Amino acid sequence: MNTTRLAVIGAGAIGRTHVDRILRAPNLELAGIADPTPAGEALARSVGAPWFADHLSLLDQARPQGAIVATPNATHVAVASDCLARGIPALVEKPIADTVADAKRLVDAVAAHKTPVLVGHHRRHNPINRRARELIDQGRLGRLVSAMVFAMFLKPDSYFDMAWRRQAGGGPVLINLIHDIDMLRFLVGEITSVQAVDSHAVRGFEVEDTAAAVLRFDNGALGTVVVSDTVASPWCWDFCAGEQGQYPRQEVQSHFIAGTHGSLSLPGLALWGYRGERQWHAEMTREQTMVHAADPYERQLQHFAAVIDGREAPLCSALDGLRTLQATLAVHEAAVSGQAVSCTLPG
Ligand SMILES: NC(=O)c1ccc[n+]([C@@H]2O[C@H](COP(=O)([O-])OP(=O)(O)OC[C@H]3O[C@@H](n4cnc5c(N)ncnc54)[C@H](O)[C@@H]3O)[C@@H](O)[C@H]2O)c1
């Protein structure tokens, strides 16, 4: 079996998840860990991997075939660009960057160095979403008309002990809703404009605790999303999709997509439609798809190995990362301005 040597840059919460998944995969090898902290060094020692205080030493000495950039958002573009400049493909954690202009620099670097970036919007790798996309692509929903998303949960008060989480940009829109926006882009289509309102009425911090947005897609579909980190609610992907053991799983649905010929609820993958007459007095049928459960982080790493080998194109490219970031930032912009914000690509 061919093995792919991957390095992890940034050994915090998600970096450790990647280290764990690399160690579990027989075809992946951990080439090294870069993180300046004693905790990063201790992690490398505990798993027997070479440790580096900075990513340049790691890239130049360990020479991995691919690097996972799991550092804070503001560093993503600089660190990933250093990987690309050495011809090393990068899996860059979400969000791809802090700003659309920075994201564009990384998109340009991918083209300049002819080296791919995969952005870590891991939900795309969940078999539930892959099957949902197939059903939509097969036309089972007909023409897509509307989508509705709930991203509502309760973060503990201690979460806000860190100052940046109480300030603009540290809230549920950029941290959490960005995953749902990427899912909508993956399943429904390109987002062309965003209207939104937000509120910080419950926690009273500068950062929003709740936001509601209306999305327009390029195929004419309309969507609504509500995100809140201050409600005692089970209606969010992290609770009902079962991707992460740290949340108690709930038997509810969080994402609803409707078209002229069918509608789909997720993560349950129930597909409703009409066999005969198509109108609201007629009988409806419900078709249930059961997919094999799989860890999207494992799947994402296997896909990254295939991207490195040139067998697959990135399922979430740098341009995807940019467009998802742009639509997410547009929620903030629209809430502040009270105007619809169009999502046109930077030149
Ligand atoms: N896809 C997901 O499910 C998911 C989940 C959580 C976080 N994230 C993203 O992953 C990134 C990291 O988040 P986190 O929660 O793990 O943060 P974290 O603060 O727990 O970890 C970041 C780590 O990066 C290290 N670091 C900082 N600068 C570095 C540098 N220049 N070189 C090497 N190491 C450096 C820090 O020492 C720290 O250990 C963020 O962009 C976040 O949005 C993604």
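Residues numbered from 1 in each chain as written. Predicted model: local features only at pLDDT ≥ 70, side-chain atom pairs only at ≥ 80, totals over all residues. Heavy atoms only, no water.

Draft legend 1. Quick look at the pairing of strand S4 (residues 66–69). Every second residue of S4 is oriented toward a common face, with Gly66 and Ile68 on one face and Ala67 and Val69 on the other, all of them buried. Note: strand S1 (residues 4–9) against S4, four bridges, orientation parallel. Residue pairing for S4: Ile9 is matched across the bridge by Val69. Note that S4 and strand S5 (residues 90–92) share three bridges and pair parallel. Within S5, the residue paired with Ile68 across the bridge is Leu91. The parallel pair S4 and S5 is bridged by helix H4 (residues 76–85), and the resulting crossover is right-handed. (Buried < 20%, exposed > 50% of the residue type's maximum accessible area, 1.4 Å probe, protein only. Helix = DSSP H or I, 4+ residues; strand = E, 2+ residues; numbered from the N terminus. Pairing = 2+ DSSP bridges. Right-handed = clockwise from strand over helix to strand, strands pointing away.)

Draft legend 2. View of empty space enclosed by the protein. Under the definition given, this model contains one cavity of 30 Å³ or more. Within this model, the largest cavity holds a volume of roughly 50 Å³. What lines the largest cavity is Arg123, Ala151, Phe153, Asn176, His179, Asp180, Cys236, Trp237 and Asp238. In terms of residues, the lining of the largest cavity owes the most to one element, helix H7 (residues 172–187), which gives three residues. Residues of the lining of the largest cavity, tallied by class, amount to four nonpolar, two polar and three charged. (1 Å grid on protein atoms, 1.4 Å probe; cavity = no way out; pocket = protein on both sides within 12 Å on 5 of 7 lines; lining within 4 Å. Points joined across faces, edges and corners; volume = space filled by probe spheres on them. Nonpolar A, V, L, I, M, F, W, Y, C, P; charged D, E, K, R; others polar.)

Draft legend 3. Expanded view of the packing of aromatic side chains. Enumeration according to the criterion identifies five aromatic pairs in this entry. Considering the side-chain rings of Tyr159 and Phe160, the 5.1 Å spacing of their centres and the 70° angle between planes classify their relative orientation as edge-to-face. Taken as a pair, Tyr159 and Phe160 share a single burial class, namely buried. Consider the rings of Phe239 and Tyr247, whose centres lie 5.7 Å apart with planes at 40°: the pair is tilted. (Phe/Tyr/Trp six-rings, centres within 6.5 Å; stacked < 30°, edge-to-face > 60°.)

Draft legend 4. Examining the domain arrangement of the chain more closely. Under the domain assignment, the chain is made up of domain 1 (4–115) and domain 2 (124–291 + 326–342). Taken together, the contact between domain 1 and domain 2 spans five residues of the former and five residues of the latter. A buried area of about 390 Å², summed over both sides, lies between domain 1 and domain 2, and 74% of it is on carbon and sulfur atoms. Broken down residue by residue, the surface that domain 1 buries against domain 2 is led by Lys94, Pro95 and Val100, which jointly contribute 84%. Counting every contact that joins domain 1 to domain 2 gives zero salt bridges. At the boundary of domain 1 and domain 2, one finds one residue pair in polar contact (both at pLDDT 80 or more). Partitioning the side of domain 1 that touches domain 2 into residue classes produces two nonpolar, one polar and two charged. (Domains from an automatic or database assignment. Contact = heavy atoms within 4.5 Å. Buried area = accessible area lost by both parts, 1.4 Å probe. Salt bridge = Lys/Arg side-chain N within 4 Å of Asp/Glu carboxyl O. Polar contact = N/O pair within 3.5 Å; in protein donor to acceptor, adjacent residues only side chain to side chain.)

Draft legend 5. Representation of the side chain of Asp35 within the structure. Examined against the element boundaries, Asp35 turns out to sit in the loop between strand S2 (28–34) and helix H2 (38–47). Buried and unpaired, Asp35 has no salt bridge, with Arg16 as the nearest side chain of opposite charge at 6.9 Å. (Lys, Arg positive; Asp, Glu negative; His and termini not counted.)

Draft legend 6. Region of interest: helix H6 (residues 127–137). Within H6, the full set of buried residues consists of Pro127, Ile128, Asn129, Ala132, Leu135 and Ile136. Capping the start of H6, Asn126 holds a side-chain oxygen 2.9 Å from the backbone nitrogen of Ile128, two or three residues further along. Residue Gly139 follows H6 closely and has a positive phi angle near 85°.

Draft legend 7. Region of the structure containing the site of the ligand. Asp35, Asn73, His76, Lys94 and Tyr297 are the nearest of the 21 residues found near the ligand. At a separation of 3.0 Å, an oxygen atom of the ligand approaches a polar backbone atom of Ala13. In the model, an oxygen atom of the ligand is placed 2.5 Å from a nitrogen or oxygen of the Asn73 side chain. Against a free-state accessible area of 850 Å², the protein chains account for coverage of 71% of the ligand. Classifying every residue of the shell around the ligand by side-chain character gives 10 nonpolar, eight polar and three charged. (Near = heavy atom within 4 Å. Areas by Shrake-Rupley, 256 points an atom, 1.4 Å probe, with all protein chains shown as cover.)

Draft legend 8. Region of the structure containing the nonpolar core. Among the nonpolar cores identified, the biggest contains 51 residues, and Ile22, Cys83, Ile96, Leu106 and Val117 are the most heavily contacted of them. Other than its neighbours up to four places away in sequence, Cys83 contacts Ile9, Leu59, Ala67, Val69, Ile88 and Ala90. (Core = buried A, V, L, I, M, F, W, Y, C linked by side-chain atoms within 4.5 Å.)

Draft legend 9. Geometry of the sheet that holds strand S6 (residues 117–119). Ordered in space as S3-S2-S1-S4-S5-S6, the six strands form an open sheet in which the pairing is parallel. Edge positions in the sheet fall to strand S3 (51–52) and S6, since each has one partner strand and no second. The sheet strands contacting H2 are S2 and S3, and the helix crosses S2 at an angle near 150°. (Axes fitted to C-alpha atoms, helices over the stretch in contact; angles between N-to-C directions.)

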